[in-house]
Amino acid sequence: MVNPSSVRQRTSLGGSSLDEARRRLVFPLDYPNLEEARAAATRVAPSVGVLKVGLELFVREGPSAVELGKSLGLDIFLDLKLHDIPATVAGAVAGAAALGVRYLTVHAAGGAEMLRRAAQEAARSQDLILLAVTVLTSLDDGDLAAQGVQGSASEHVVRMAQLARGAGIHGFVTSPREVPALRQALGPGELIVTPGIRLGSASDGEGVDDQKRIATPSAAISAGADLLVVGRPIREAADPLAAARSIVQEIAHTLHPPR
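A. Quick look at the overall build of the protein chain. Of regular secondary structure, the protein chain possesses 13 helices and 8 strands. Counting over 259 residues, the protein chain shows a buried share of 52%. Look at the contacts in the protein chain between residues 6 or more apart in sequence, and 69% of them connect residues 24 or more apart.

See below:
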């Protein structure tokens with residue numbers, strides 16, 4: 001079984017305060033083709049640590065999207081939210097490891113056996129870190145109730161994370177709103193990744209597209225998040241590189257406040 005402390009060490013979050021903060025910032029390549037993704041990634045590369053390749057880009061471009069990150073010297077987060085029978089997911093994990101990705105998502109709802117097989121396959125790699133998706137940030141308590149899930153989103157996040165950890169996975173994806181409960185339940189040794197990051201007044205929950213459970217970078221880091229996935233606030237900024245740099249500075253200030 002993977003030692004959870006080794007997962008944290010392999011994220012390479014150390015270094016100067018700005019370097020550490022930069023390594024915590026994940027930029028999603030939510031673009032329809034490789035050309036647009038390459039242009040955006042090249043623009044923000046000096047101020048991000050990880051590039052996230054999701055379903056849309058990977059289905060269209062395949063391994064070429066992963067190679068893009070390598071060419072820029074950045075880690076790749078392959079966000080496929082694998083959810084299938086155990087043998088199929090294990091094979092997909094092996095394929096992702098062969099591509100050299102750093103992070104790969106599997107869906108905790110796939111069940112204990114699927115998660116266990118995925119963790120066993122990932123353990124063969126020295127670099128691949130599995131992240132169990134708990135509850136999508138597009139869902140709230142009402143959505144979960146409609147699916148027959150009892151309790152709040154926060155309670156379900158903890159249940160899903162504990163299921164995944166029991167199967168040998170030590171990285172988790174959750175909204176920033178659930179980070180405190182998850183950190184309390186799992187302790188300091190696990191890796192927590194948070195999408196749903198917004199800036200300033202956008203964090204009040206109004207007019208924030210399909211993300212329902214959100215927070216600012218500072219709030220997410222203060223709550224115990226390790227990696228922040230920040231898309232629209234960077235992508236839609238007049239100067240994406242400056243926006244990314246500002247977020248890195250906010251993270252650094254939160255991690256190491258001036259005395």
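Having seen the structure, we can now continue with the description.
B. Representation of the nonpolar core. Residues F27, L29, V93, V106 and L130 are the most contacted members of the largest nonpolar core, which totals 68 residues. Broken down by element, the residue count for this core peaks at 6 residues, all from helix α9 (residues 153-166). Aside from chain neighbours lying at most four places away, what touches L29 is A37, A41, L51, K52, V53, L57 and L68. V26, I129, L131 and V193 belong to the second largest nonpolar core, which has 12 residues in total.

C. Representation of the pattern of salt bridges within the structure. Following the criterion strictly, the structure yields 14 salt bridges and no others. Note that D19 is salt-bridged to R23, the shortest N-O span being 3.1 Å. Here D19 and its partner R23 are both found in helix α2 (residues 17-23), 4 residues apart, which amounts to about one turn of the helix. Residue classification places D19 among the partly exposed residues on the basis of a relative accessible area of 22%.

D. Layout of unusual backbone geometry. The backbone of K81 shows a phi angle near 45°, a positive value even though the residue is not glycine. Turning to its location among the elements, K81 is positioned in strand β3 (residues 75-82). On the basis of relative accessible area, K81 is assigned to the partly exposed category, the value being 29%.

E. Geometry of the pairing of strand β4 (residues 103-107). A large share of β4 lies buried, amounting to 5 of its 5 residues. Judged by which residues are buried, β4 turns out to be covered on both faces: Y103, T105 and H107 on one side and L104 and V106 on the other are all buried. As defined by bridge partners, β3 adjoins β4 across 3 bridges and the pair is classed as parallel. Across the sheet, the residue bridging to F77 is Y103, located in β4. After leaving β3, the chain enters helix α6 (residues 86-99) and then returns to the sheet as β4, a path that is right-handed. Pairing between β4 and strand β5 (residues 129-133): 5 bridges, direction parallel. If you follow T105 over to β5, its bridge partner there is L131.

F. Here's a closer look at the environment of R232. Within the secondary structure, R232 sits in helix α12 (residues 232-235). R232 sits in the partly exposed class, given a relative accessible area of 29%. When the C-alpha atoms of R232 and G196 are compared, they prove to be 9.6 Å apart, with 36 residues separating the residues in sequence.

G. Representation of the packing of helix α3 (residues 34-44) against helix α5 (residues 63-71). As a packed pair, α3 and α5 sit with axes 11 Å apart at the nearest point and diverge in direction by 15°. As summarised for this structure, α3 and α5 are arranged roughly parallel, according to the angle between their axes. Pair α3 / α5 crosses with right-handed handedness. Each of L34, A37, R38 and A41 in α3 lies in contact with α5, whose residues at this interface are S64, A65 and L68. Classifying every residue of the contact of α3 with α5 by side-chain character gives 5 nonpolar, 1 polar and 1 charged.

H. Structural context of helix α10 (residues 179-186). Looking only at α10, the buried set comprises V179, L182, R183 and L186. Projection of α10 onto a plane perpendicular to its axis shows the buried side chains occupying an angular sector of 100°, all on one side. G187 occupies a position one or two residues after α10 and carries a positive phi of about 90°.

Scoring rules and cut-offs
Residue indices begin from 1 for each chain and proceed along its sequence in written order. Thresholds applied to this predicted model are a pLDDT of at least 70 for local features of residues and 80 or more for the giving and counting of side-chain atom pairs; totals over whole chains, interfaces and linings are not thresholded and use all residues. Only heavy atoms go into the side-chain values, all of them from the structure, while hydrogens and water stay out. Secondary structure follows DSSP: runs of H or I at least 4 residues long count as helices, runs of E at least 2 residues long count as strands, and numbering of each begins at the N terminus. Burial status follows relative accessibility: with a 1.4 Å probe on protein chains alone, a residue under 20% of its type maximum counts as buried, one over 50% as exposed, and anything between as partly exposed. Two residues form a contact once any of their heavy atoms are found within 4.5 Å. In plain words, nonpolar cores are sets of buried Ala, Val, Leu, Ile, Met, Phe, Trp, Tyr and Cys residues tied together by side-chain atoms within 4.5 Å. Note on definitions: salt bridges are taken to be side-chain nitrogens of Lys or Arg within 4 Å of carboxyl oxygens of Asp or Glu. Strand pairing follows a simple DSSP-based rule, namely that at least 2 bridges must link the two strands. Looking down the strands as they point away from you, a crossover is right-handed if its path from the first strand over the helix to the second goes clockwise. The axes are straight lines fitted to the C-alpha atoms, using for helices just the contacting stretch, and the angles between their N-to-C directions are given from 0 to 180°. Here roughly perpendicular refers to angles of 65 to 115 degrees, roughly parallel to angles under 35, roughly antiparallel to angles over 145, and oblique to all remaining angles. Two helices that cross are described as forming a left-handed crossing if the nearer one is turned anticlockwise from the farther one by less than a right angle, and a right-handed crossing if clockwise. Ten residues, namely Ala, Val, Leu, Ile, Met, Phe, Trp, Tyr, Cys and Pro, are considered nonpolar, four, namely Asp, Glu, Lys and Arg, are considered charged, and the remaining ones, Gly among them, are considered polar. Each direction from the helix axis to a C-beta atom contributes to the arc, which is the arc of those directions.

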